[in-house]
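Single-letter residue listing:
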Amino acid sequence: MNIEYTEEKKFSMEDVRELFLSVGWVSGKYPTRLYKALLNSSTVITAWDGERLVGLVRLLDDSELVAYMHYVLVHPLYQGKGIAGKMIERVKEKYKDYLYIEIMPEERKNVGFYEKHGFNVMKEGTAMQICNFGNKE
């Protein structure tokens, strides 16, 4: 398996819909909005097995101080092969001069994975959000 990585936003709406639905993420049910969000993101690193999108990392940044890694996902058939780790290493290299690279894992079970890649749990931090599912397509 020869996985290729790129920051070029060459993915299609169907590529991202399929990838997000493969891991059960609700954003895959809103392909138009998801595609637009990715195109307007600061950085999107993708992993490809030939023509198949198998992994994706999305970041939003302020161009100087903070980069927020919002999505890190790998198709279930490709998990456990080091793809997410390689994408994160690319993120760390790209944003090495920023003061912070932040992520908010949505599942506690993923904390160990991020710690393995150099992230630390914020001692006084608490994740917060407002969910507006189903409001618009």
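In this report, the structure presented in the accompanying data block is examined. (Residues numbered from 1 in each chain as written. Predicted model: local features only at pLDDT ≥ 70, side-chain atom pairs only at ≥ 80, totals over all residues. Heavy atoms only, no water.)

Under the definition given, this model contains 4 salt bridges. Salt-bridge contacts for Lys94 lead to Glu7; the nearest nitrogen and oxygen are separated by 2.8 Å. With Lys94 in helix 3 (residues 83-94) and Glu7 in the loop between strand 1 (3-6) and helix 1 (13-22), this pair connects stretches of sequence that are 87 residues apart. The class for Glu7 is partly exposed, based on a relative accessible area of 42%. (Salt bridge = Lys/Arg side-chain N within 4 Å of Asp/Glu carboxyl O. Helix = DSSP H or I, 4+ residues; strand = E, 2+ residues; numbered from the N terminus. Buried < 20%, exposed > 50% of the residue type's maximum accessible area, 1.4 Å probe, protein only.)

We now examine helix 3. Taking 1.5 Å of rise per residue, 12 residues should cover 16 Å, and helix 3 covers 17 Å from first to last C-alpha, within 8% of that figure. Of the residues making up helix 3, those classed as buried are Ile83, Ala84, Gly85, Met87, Ile88 and Val91. Buried positions along helix 3 lie against strand 1, strand 2 (43-49), strand 3 (52-61), strand 4 (66-74), strand 5 (100-103) and helix 4 (111-116). (Expected span 1.5 Å × (residues − 1). Contact = heavy atoms within 4.5 Å.)

The residue Thr6 is located in strand 1 in this model. Overall, Thr6 belongs to the buried group, its relative accessible area being 18%. Reaching out from Thr6, the side chain makes a polar contact with the backbone nitrogen of Glu8 at a distance of 2.9 Å. Residues contacting Thr6, with those up to four places away along its chain left out, are Val44, Ile45, Thr46 and Trp48. (Polar contact = N/O pair within 3.5 Å; in protein donor to acceptor, adjacent residues only side chain to side chain.)

Val57, Met69, Val72, Ile83 and Met87 are the most contacted members of the largest nonpolar core, which has 22 residues in total. For this core, the elements supplying multiple residues, two or more each, are strand 1, strand 2, strand 3, strand 4 and helix 3. Broken down by element, this core gets its largest block of residues, 5 residues, from helix 3. Leave out the neighbours within four places in its chain, and Met69 touches Val57, Arg58, Leu59, Ile88, Val91, Glu102, Ile103, Met104, Tyr114 and Phe119. Counting 12 residues, the second largest nonpolar core, distinct from the first, contains Val16, Leu53, Leu56 and Leu73. (Core = buried A, V, L, I, M, F, W, Y, C linked by side-chain atoms within 4.5 Å.)

This paragraph deals with the packing of helix 1 against helix 2 (residues 31-39). For the pair helix 1 and helix 2, the least separation of the axes is 9 Å and the interaxial angle reads 105°. Classed by the angle they form, the pair helix 1 and helix 2 counts as roughly perpendicular. Where helix 1 approaches helix 2, its residues Met13, Val16, Arg17 and Phe20 are matched on the opposing element by Pro31, Thr32, Leu34, Tyr35 and Leu38. Split by residue class, the contact of helix 1 with helix 2 holds 7 nonpolar, 1 polar and 1 charged. (Axes fitted to C-alpha atoms, helices over the stretch in contact; angles between N-to-C directions. Parallel < 35°, antiparallel > 145°, perpendicular 65-115°, else oblique. Nonpolar A, V, L, I, M, F, W, Y, C, P; charged D, E, K, R; others polar.)

Take unusual backbone geometry next. In the Ramachandran plot, Ser63 falls in the positive-phi region, its phi being about 75° despite a non-glycine side chain. Looking at the secondary structure, you find Ser63 in the loop between strand 3 and strand 4. With relative accessibility at 47%, the residue Ser63 sits in the partly exposed group.

Considered for burial, the residues of helix 2 that qualify are Pro31, Leu34 and Leu38. Here the buried residues of helix 2 occupy an arc of 65° about the axis, which is enough to place them on one side. Of the surrounding secondary structure, the elements contacted by the buried residues of helix 2 are helix 1, strand 2, strand 3 and strand 4. (Arc of directions from axis to C-beta.)

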